[in-house]
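Results of the structural survey
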Amino acid sequence: MTEPTVAGRMGTAGRVTWLPDYGVYLALGVLLAFNLVFTPNFATVANLRLQLVQVAPVAIVALGMALVIGTEGIDLSVGSTMAIAAALLPLYLGYGPWPAIAVAVLAGAAVGLVNGGLVAYGIQPIVATLGLLVAGRGMALVLADGRLVEIFDPTLAAIGGGQLLGVPLPVLMALTVAAAAGFVLRRAAFGRRLLAVGGNRPAALLAGLPVRRTLVTVYVISGVLAAMAGVLTTGRQSASDPSFTGLLIELSAITAVVVGGTPLAGGRVRILGTLMGALLMQLIIATVIQHDLHDSTARMIQAAIIVAAVYAQRNRSGT
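A few points on the structure. Starting afresh in each chain, residues are numbered from 1 along the sequence in its written order. The predicted origin of the model limits local features to residues at a pLDDT of at least 70 and limits the giving and counting of side-chain atom pairs to 80 or more, whereas totals for whole chains, interfaces and linings rest on all residues. Only heavy atoms go into the side-chain values, all of them from the structure, while hydrogens and water stay out.

1. Regarding the overall build of the protein chain
- When helices and strands are tallied, the protein chain shows 13 helices and four strands.
- To get the radius of gyration, use the C-alpha atoms; to get the globule rule, take the number of residues to the power 0.38 and multiply by 2.2 Å. Against the 2.2 N^0.38 benchmark of 20 Å for 319 residues, the protein chain shows a C-alpha radius of gyration of 20 Å, consistent with a compact globule.
- Projected onto its principal axes, the C-alpha coordinates of the protein chain cover approximately 65 × 55 × 35 Å.
- By the burial criterion, 48% of the 319 residues in the protein chain qualify as buried.
- Across the protein chain, contacts joining residues at least 24 apart in sequence account for 77% of those joining residues at least 6 apart.
- Only the protein chains shown count as cover for residues, with accessible areas throughout obtained via the Shrake-Rupley method and a probe of 1.4 Å. Total accessible area computed for the protein chain in this model is approximately 15000 Å², and 69% of it derives from carbon and sulfur atoms.
- If the 18 positive side-chain charges of the protein chain are averaged to one point and the 11 negative ones to another, these points end up 15 Å apart. Counting from the N terminus, the helices are DSSP H or I runs at least four residues long and the strands are E runs at least two residues long. Exposure is judged per residue with a 1.4 Å probe applied to protein chains only, and the accessible area is read against the type maximum: over 50% gives exposed, under 20% gives buried, and values in between give partly exposed. Contacts were defined at the residue level, with two residues in contact if any of their heavy atoms lie within 4.5 Å. In this tally, Lys and Arg are treated as positive and Asp and Glu as negative; His is ignored, and so are the chain termini. Every charge is mapped onto a representative atom, which is NZ of Lys, CZ of Arg, CG of Asp or CD of Glu.

Here it is in structure tokens:
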């Protein structure tokens, strides 16, 4: 098989067709080169380790978001789910760290169950999850009585900042989730059903696939992963702060997924691209901070990137 020509990689009207799939690698390479040249101490082991630890919760949330978007859905409640998990941890630490973590994760599953149930029975995903974005944050603040609670627990601290064979545990957790998601999508029947539902839901229904069960399961997975990210964040900060835990992470997660090559139209999920997209979002924030720019600048850049990525996907689809 011959290598595609340059013209073969261009859509009609001269559009570049590889950009939606591989643009994230180009952008990441450009940003890394910029930091290597213009950012002092960027290439140190300590800084690279810090960036990987900080991106781990975003990557975990983004992987759950990728599965949801693969069904042609969206989950705007992930940040609030993180806040709920953070608020529950100090309430149940008296029973031990693992029971507290289990309660937090089960709460994430419950949020996903509500989201998935609403979507499965006809509510638009953006509407269903927007409701829990607002209500979930409020619930977290009620649970925490609106206060920041310091947590001194060695198990949570180890989960949020420990390491195994020199690799930070949050990074290992993110890689484990990515490997599991990749296996499910490529090897498991559930993964094939997920992509079938996102690619053509009416056809999936006609084929007798359990569409509603698949949708509910996908949102439950997203809720569980968001809760896990909330546990990681709380453990790393040694504090439960429902006001800010997970705030606006849905923007970073959606951007990571779309920039990574997963189309909003569903039917396809790119796991490695999602991880690279999450890393790109983290490096944008780190670059902005290290060059003394306001955090809002990073948010505006992220918003511009997601608009550009969606437009590139629109061009590829020919619409």
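Past the structure itself, the notes keep going.
2. Considering the environment of alanine 181
- Mapping alanine 181 onto the fold places it in helix 7 (residues 169-187).
- With a relative accessible area of 10%, alanine 181 lands in the buried category.

3. Here we look at the layout of surface pockets
- Computed from the structure, the largest pocket encloses a volume of approximately 700 Å³.
- The distinction between a cavity and a pocket rests on a 1 Å grid over the protein atoms alone: a 1.4 Å probe fits inside a cavity but cannot get out, while a pocket stays open yet meets protein on both sides within 12 Å along at least five of seven lines, and a residue with an atom within 4 Å of a point counts as lining. As for the largest pocket, its lining consists of 23 residues, of which Val58, Gln237, Phe244, Leu247 and Arg299 are closest to the centre.
- Taken together, the elements giving at least two residues each to the lining of the largest pocket come down to helix 2 (45-70), helix 10 (211-237), helix 11 (249-259), helix 12 (271-290) and helix 13 (295-317).
- If one sorts the elements of the lining of the largest pocket by residue count, helix 12 sits on top with five residues.
- Just so you know the grouping, Ala, Val, Leu, Ile, Met, Phe, Trp, Tyr, Cys and Pro go in nonpolar, Asp, Glu, Lys and Arg go in charged, and all remaining residues, Gly too, go in polar. Within the lining of the largest pocket, the residues separate by chemical class into 12 nonpolar, seven polar and four charged. Grid points are joined across faces, edges and corners, and a volume is the space filled by probe spheres set on the points.

4. Some details on helix 10
- Relative to the 39 Å expected for 27 residues at 1.5 Å per residue, helix 10 spans 39 Å between its end C-alpha atoms, a close match to the ideal helical length.
- Two residues or fewer past helix 10, serine 238 is found with a positive phi of approximately 55 degrees. Helix span, as expected, comes to 1.5 Å for every residue beyond the first.

5. Let's talk about the packing of helix 7 against helix 8 (residues 189-199)
- Helix axes are fitted to C-alpha atoms over the stretch in contact, other axes to C-alpha atoms as well, and angles between N-to-C directions run from 0 to 180 degrees. Interaxial distance between helix 7 and helix 8 falls to 5 Å at its minimum, and their mutual angle equals 75 degrees. On the basis of the axis angle, helix 7 is roughly perpendicular to helix 8. Residues Val184, Leu185, Arg186 and Arg187 of helix 7 form the contact with helix 8, whose own contacting residues are Ala189, Phe190, Gly191, Arg192, Leu194 and Leu195.
- Of the residues belonging to the contact of helix 7 with helix 8, the class tally is six nonpolar, one polar and three charged. For classification purposes, an angle smaller than 35 degrees is called roughly parallel, one larger than 145 roughly antiparallel, one from 65 to 115 roughly perpendicular, and anything else oblique.

6. Regarding a nonpolar patch on the surface
- Residues Leu91, Tyr92, Tyr95, Met139 and Leu143 make up a contiguous nonpolar surface patch of roughly 500 Å² in combined accessible area.
- Contributing elements (two or more residues each) for the nonpolar patch: helix 3 (78-92) and helix 5 (125-143). Patches were defined on residues exceeding 30% relative accessible area and lacking a salt bridge, with like-charge contacts within 9 Å and nonpolar side-chain contacts (Val, Leu, Ile, Met, Phe, Trp, Tyr) within 5 Å. Only one rule defines a salt bridge in this text: a Lys or Arg side-chain nitrogen within 4 Å of an Asp or Glu carboxyl oxygen.

7. So, the pattern of salt bridges
- Tallying each qualifying case throughout the model produces one salt bridge.
- Note that arginine 147 and aspartate 145 form a salt bridge whose closest N and O atoms lie 3.8 Å from each other.
- Residue class for aspartate 145 comes out exposed when judged on its relative accessible area of 58%.

8. As for unusual backbone geometry
- Phi is positive for glutamate 72, close to 65 degrees, though the residue is something other than glycine.
- Positionally, glutamate 72 belongs in the loop between helix 2 and helix 3.
- Using a relative accessible area of 45% as the deciding quantity, one classes glutamate 72 as partly exposed.
- Phi at leucine 165 is positive, roughly 55 degrees, even though this residue is not glycine.
- Tracing the sequence through the fold places leucine 165 in the loop between strand 2 (163-164) and strand 3 (167-168).

9. Brief notes about the environment of valine 177
- Summarising the element assignment, valine 177 is placed in helix 7.
- For the pair valine 177 and valine 61, spaced 116 residues apart in sequence, the C-alpha separation works out to 10.0 Å.
- Here valine 177 is in contact with Leu63, Leu225 and Met228, once residues within four sequence places are set aside.

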